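One-letter residues, chain by chain:
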Amino acid sequence: MYLTYICPRCEQTNQSGDVADVDGLECSACGWSRPFADHLDLKQGGLSECLRCGNTDLWRQKNFPQWLGLTFVALGAITSSIAWAYHRPVWALGILMGFALLDMVLYLVMPDVLVCYRCRTKHHRADVSQHGAFDHELGERYRQEKIRLEQAQQPTLPKSPSPTESESLPRS
Ligand SMILES: [Zn+2]
Ligand SMILES: [Zn+2]
């Protein structure tokens, strides 16, 4: 298993080594590190909590990049409309179906990843059997929590001093 995560200190995206070989996470940019908790048996592959933040809510998803799916849709639409323009309706249909099939096959062979609701760390090659798909209600709760945290961390801006009489045009 290995992780793709965003460093909490410098926000650099990092990829960890195989978690069976390393003791923890370390950011390559700023040196931030976090050791893995002792109670986790990482060699087993099963995962009960996020290795980056310790959160127990994780969802499983296909590691299928959205841009790839969109590229297929676009390519299929363009090539099939070219075939259509040359009066080849069977070709046009065949091309569309071919791309849809390719999309489906790729989706099926793509591995699952476990994603943390709180920090969005992706756990690759983990045992995903204990986890469900993305829950929108739960996702929304974490989104709200994040907003609240960000607001709490934001220093209250000091009020800009209003210009006083003396600061305006110097009197001669
Ligand atoms: Zn960092
Ligand atoms: Zn996390």
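Keep in mind that what you see is a predicted model, and the values were worked out from it rather than measured.

Attention shifts here to the overall build of the chain. Tallying secondary structure elements over the chain gives three helices and seven strands in all. N-terminal to C-terminal, the α/β element order of the chain is β-β-β-β-β-α-α-β-β-α. When the 172 residues of the chain are sorted by exposure, 13% land in the buried category. Across the chain, the fraction of contacts at a sequence separation of at least 24, relative to all contacts at a separation of at least 6, is 54%.

Here the focus is the nonpolar core. Within soluble globular proteins, side chains that are nonpolar generally end up buried alongside one another. Membership of the largest hydrophobic core comes to 15 residues, with the highest contact counts inside it found for Leu3, Leu58, Leu114, Val115 and Cys116. Among the secondary structure elements, those contributing two or more residues to this core are β1 (2–6) and β6 (112–116). Looking at this core element by element, the count peaks at four residues for β6. The contact partners of cysteine 116, leaving out residues within four places of it in the chain, are Cys50, Arg52, Cys53, Asn55, Leu58 and Thr121.

Taking strand neighbours across the sheet as the criterion, the five strands line up as β2-β1-β7-β6-β5 in an open arrangement whose pairing is antiparallel. Two strands lie at the open edges of the sheet, namely β2 (13–15) and β5 (58–62), each paired on one side alone. Recorded for the sheet is a direction-independent mean angle of 25 degrees between the axes of neighbouring strands.

Once that is clear, we can look at the packing of helix α1 (residues 66–85) against helix α2 (residues 89–109). Between two packed helices, both the angle of their axes relative to each other and the distance between the axes serve to describe the pair. Packing of α1 against α2 leaves a shortest axis separation of 7 Å and a crossing angle of 170 degrees. Regarding the angle of α1 to α2, the classification is roughly antiparallel. Counted together, Gly69, Phe72, Leu75, Gly76, Thr79, Ser80, Ala83 and Trp84 of α1 and Pro89, Trp91, Ala92, Ile95, Leu96, Phe99, Leu102 and Asp103 of α2 form the full contact between these two elements. Partitioning the contact of α1 with α2 into residue classes produces 11 nonpolar, four polar and one charged.

Another point: unusual backbone geometry. Even without being glycine, glutamate 11 reaches a positive phi, approximately 65 degrees. By secondary structure assignment, the location of glutamate 11 is in the loop between β1 and β2. We classify glutamate 11 as exposed; it has 10 C-beta atoms within 10 Å. One non-glycine residue, arginine 120, lies in positive phi territory at about 65 degrees. Residue placement: arginine 120 occurs in the loop between β6 and β7 (122–124). The partly exposed category is assigned to arginine 120, around which 15 C-beta atoms lie within 10 Å.

Calculation criteria
- Residues numbered from 1 in each chain as written.
- Chains lettered and ligands numbered in written order.
- Predicted model: local features only at pLDDT ≥ 70, side-chain atom pairs only at ≥ 80, totals over all residues.
- Helix = DSSP H or I, 4+ residues; strand = E, 2+ residues; numbered from the N terminus.
- Buried ≥ 20, exposed ≤ 12 C-beta atoms within 10 Å, placed from the backbone.
- Contact = placed C-beta atoms within 7 Å.
- Core = buried A, V, L, I, M, F, W, Y, C linked by C-beta atoms within 7 Å.
- Pairing = 2+ DSSP bridges.
- Axes fitted to C-alpha atoms, helices over the stretch in contact; angles between N-to-C directions.
- Parallel < 35°, antiparallel > 145°, perpendicular 65-115°, else oblique.
- Nonpolar A, V, L, I, M, F, W, Y, C, P; charged D, E, K, R; others polar.

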